[in-house]
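Single-letter residue listing:
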Amino acid sequence: MTSLEAVWRIESARIVGALTRYTGGDLELAEDVAQEAVAEALVCWPRDGEPANPVGWLLNTARRRAIDSFRRRAVRDEKYALLASEDTDGGDGHLWDPDRIDDDVLALMFVACHPVLSPEARVALTLRTVGGLSTEEIARAFLVPVATIQARVTRAKKTIAAARVPFEVPPSADRRERLGGVLSVLYVIFTEGSTATTGDSLLRTDLAYEAVRLARTLAALLPGEPEVFGLIALCELTAARFPARTAPDGSAILLEDQDRRRWDRSAIRRGLAALAQATAAGRGLGPYGLQAAIAAGHATAASVAETDWERIVLLYEALGRVAPSPIVELNRAVAVAMAGGPAPALLMVDELVAQDRLPGSYLLPSVRGELLSRLGRTAEARAELELAARLCGNARERAVLVRKAAALS
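For clarity, every value in this text was computed on a predicted model and none was experimentally measured. (Residues numbered from 1 in each chain as written. Predicted model: local features only at pLDDT ≥ 70, side-chain atom pairs only at ≥ 80, totals over all residues. Heavy atoms only, no water.)

Visitor: When you look at the overall build of the chain in this model, what are you seeing that I'm missing?
Guide: When helices and strands are counted, the chain shows 20 helices and zero strands. Rg of the C-alpha trace for the chain: 24 Å, near the compact-globule value of 22 Å for 409 residues, within the 12% margin. Based on the C-alpha atoms only, the size of the chain along its principal axes is roughly 80 × 45 × 40 Å. The buried share of the chain, taken over its 409 residues, is 50%. The chain carries 49 positive and 53 negative side-chain charges, and their two centres are separated by 2 Å. (Helix = DSSP H or I, 4+ residues; strand = E, 2+ residues; numbered from the N terminus. Rg over C-alpha atoms; globule rule 2.2 N^0.38 Å. Buried < 20%, exposed > 50% of the residue type's maximum accessible area, 1.4 Å probe, protein only. Lys, Arg positive; Asp, Glu negative; His and termini not counted. Charge placed at Lys NZ, Arg CZ, Asp CG, Glu CD.)

Right under this line is the structure:
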């Protein structure tokens, strides 16, 4: 990674946030002029040398581009006058008030995750403006054409402008309600990184670690929100297993077959510390905190057999009350099977089938196939696993399902 790439990856959210505030909330213009400044740096820095203050250089260059844009639009309002006067006032090269940096980044996160946008647009815009990823990187992570990501980002910025979404941190009364949307975007990003929906790779670790970085940024800006720490804990404890989840050839290794000595102990310690912070708030664990507690049960167990499955069942029951979903019920069924055998778990899964709660998902026939296999119903189990393989979009997970089905032949 070049020096410019490192500066952009680390500071892009602060740069775009400061420019958005400075241009009166015009996110599209702020992002455009920031990119123009980066393009100019690609030419100037190798020729003239890296400036002593790289961030200040990018900000001042972007500011001049913004002024040029306002001039081209023939704007003569107060915003233009402010920009023009501050460009010639002999300032110190800093575009932001140091006391407002956190607010700018936080406002940018809330704008990028605004409910007027579709979930797909929120993810793309968050990674683009807050994460500093290029459209090519985002497209590669989600295995979609670059043009698709470009269109999502462009539409998102136009939607924000049309809806007149203010560039501000929501009032405290609205912040907790809106925070859920921000956390859900980070969760989607991490989930896709930890188990890719499609493609030839099981993991997309760069995407997962970007979600962790953004979640930690959010925690630094909102230190009193337990669910932020719950999400951090969940991500860290899940990411701790990454080194043991794939073989050298990229094939998937199931939990029961993983070498737990390869789990990242530093990540486990960070995750447990974050979970303790979420618990210390005294409000009771929310959806992310409960999922983190489940992940902690796995992370601290010496083996699958020594895992406290009864506690995990109770945690899934609590999660089902706080955030009910068919996926939670399916995971609870898996835990029930481990704690009390496959028969009661199969009844739970069959109820999900009867209610058509997970249409088109490979997870349901995958779990059902496992339970039927444990009950000795081999032919039915093989049929379910073959169905799961047909529905699965990830090549590595599909290979596991095909191998399991073949073993039952």
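Visitor: Explain the nonpolar core here, please?
Guide: What tends to happen in soluble globular proteins is that the nonpolar side chains get buried as a cluster. Counting 131 residues, the largest nonpolar core has Ile15, Leu19, Leu58, Leu125, Leu127, Phe190 and Leu218 as the members making the most contacts within it. The element that contributes the greatest number of residues to this core is helix 2 (residues 27-48), accounting for 10 residues. (Core = buried A, V, L, I, M, F, W, Y, C linked by side-chain atoms within 4.5 Å.)

Visitor: What's the story with the UniProt feature "domain: DUF6596" (unreviewed entry) in the chain in this structure? I'm lost.
Guide: UniProt's entry tags residues 178-278 with the feature "domain: DUF6596" (unreviewed entry), counted in the numbering of this structure. Summarising residues 178-278: 65% helix, 0% strand, and an end-to-end C-alpha distance of 19 Å. (UniProt positions renumbered as here; feature names shortened; annotations may be inferred.)

Visitor: Would you mind showing me how to read the packing of aromatic side chains here?
Guide: Where two aromatic rings form a pair, the distance of their centres and the angle of their planes describe that pair. Scanning all chains against the criterion turns up four aromatic pairs. Plain terms: the ring middles of Trp45 and Trp57 are 5.6 Å apart, the flat faces sit at 75 degrees to each other, and that makes the pair edge-to-face. Within this pair, whereas Trp45 is found in helix 2, its partner Trp57 is found in helix 3 (residues 54-72), the two being separated by 12 residues in sequence. In this structure Trp45 comes out as buried when scored by relative accessible area, which is 8%. Here the basic side chain of Arg241 rests over the ring of Trp263, its NZ or CZ set 5.9 Å away from the ring centre. (Phe/Tyr/Trp six-rings, centres within 6.5 Å; stacked < 30°, edge-to-face > 60°. Lys NZ or Arg CZ within 6 Å of the ring centre and 35° of its normal.)

Visitor: In this structure, what is going on with the packing of helix 17 (residues 342-354) against helix 18 (residues 363-374)? I would like to understand it.
Guide: Helix-helix packing is characterised by the crossing angle of the two axes and by the distance between the axes. Across the interface, helix 17 lies against helix 18 with an axial gap of 10 Å and an inter-helix angle of 150 degrees. Considering the angle they form, helix 17 stands roughly antiparallel to helix 18. Along this stretch, helix 17 crosses helix 18, giving a crossing that reads as left-handed. Contacts from Pro342, Ala345, Leu346, Val349, Asp350, Leu352 and Val353 in helix 17 reach Leu364, Val367, Arg368, Leu371, Leu372 and Arg374 in helix 18. Tallied by class, the residues present in the contact of helix 17 with helix 18 amount to 10 nonpolar, no polar and three charged. (Axes fitted to C-alpha atoms, helices over the stretch in contact; angles between N-to-C directions. Parallel < 35°, antiparallel > 145°, perpendicular 65-115°, else oblique. Left-handed = near helix turned anticlockwise from the far one by under 90°. Contact = heavy atoms within 4.5 Å. Nonpolar A, V, L, I, M, F, W, Y, C, P; charged D, E, K, R; others polar.)

Visitor: Would you mind going over the side chain of Glu192 with me for this structure?
Guide: Relative to the assigned elements, Glu192 resides in helix 9 (residues 172-194). Among the polar contacts listed, one links the side chain of Glu192 to the side chain of Thr197, at a separation of 2.4 Å. Discounting chain neighbours no more than four positions away, the residues touching Glu192 are Ala141, Phe142, Thr197, Thr198, Arg204 and Leu207. (Polar contact = N/O pair within 3.5 Å; in protein donor to acceptor, adjacent residues only side chain to side chain.)

Visitor: Looking at this structure, I do not really get the pattern of salt bridges. What am I missing?
Guide: Any two side chains of opposite charge can pair if their charged atoms end up close together. For the structure shown, the criterion picks out 21 salt bridges. A salt bridge links Arg204 to Glu192, with the shortest nitrogen-to-oxygen separation between them at 2.6 Å. Note that Arg204 is positioned in the loop between helix 9 and helix 10 (205-221) and Glu192 in helix 9, a separation of 12 residues in sequence. What makes Glu192 buried here is its relative accessible area of 9%. Notably, a salt bridge pairs Asp259 with Arg261, separated by 3.0 Å at the nearest N-O pair. The exposure class of Asp259 is partly exposed, given its relative accessible area of 30%. The exposure class assigned to Arg261 is exposed, which follows from its relative accessible area of 74%. Where salt bridges share partners, they join Glu31, Asp32, Arg128 and Lys157 into one cluster. (Salt bridge = Lys/Arg side-chain N within 4 Å of Asp/Glu carboxyl O.)

Visitor: Honestly, the confidence of the model for the chain in this entry has me stumped. Any pointers?
Guide: Reading predicted coordinates in detail is not appropriate for stretches of low pLDDT. Across the chain, pLDDT averages 88, with 92% of residues at or above 70. Low pLDDT, under 50, characterises residues 88-94; the predicted model gives this stretch three contacts beyond four residues in sequence or across chains. (pLDDT = per-residue confidence, 0-100.)

Visitor: I tried to follow helix 18 on my own but got confused; where do I start?
Guide: Because an α-helix completes one turn every 3.6 residues, residues spaced three or four positions apart along the sequence face the same direction. With 12 residues, helix 18 ought to run about 16 Å at 1.5 Å a step, and its terminal C-alpha atoms sit 17 Å apart, in line with that. Looking at helix 18, one finds that the buried residues are Leu364, Pro365, Ser366, Val367, Arg368, Gly369, Leu371 and Leu372. Immediately beyond the C-terminal end of helix 18, within one or two residues, lies Gly376, with a positive phi of roughly 80 degrees. (Expected span 1.5 Å × (residues − 1).)

Visitor: What is the right way to read the environment of Val7 from this model?
Guide: Note on placement: Val7 falls in helix 1 (residues 3-22). A C-alpha to C-alpha distance of 7.3 Å links Val7 and Val55, two positions 48 residues apart in sequence. Leave out the neighbours within four places in its chain, and Val7 touches Ser12, Pro54, Val55 and Leu58.

Visitor: What exactly am I supposed to notice about the environment of Arg178 here?
Guide: Residue position: Arg178 is located in helix 9. In sequence terms Arg178 and Glu11 are 167 residues apart; their C-alpha atoms lie 24 Å from each other. Once you skip the residues sitting within four places of it in the chain, Arg178 turns out to touch Phe110, Val111, His114, Pro115 and Pro170.

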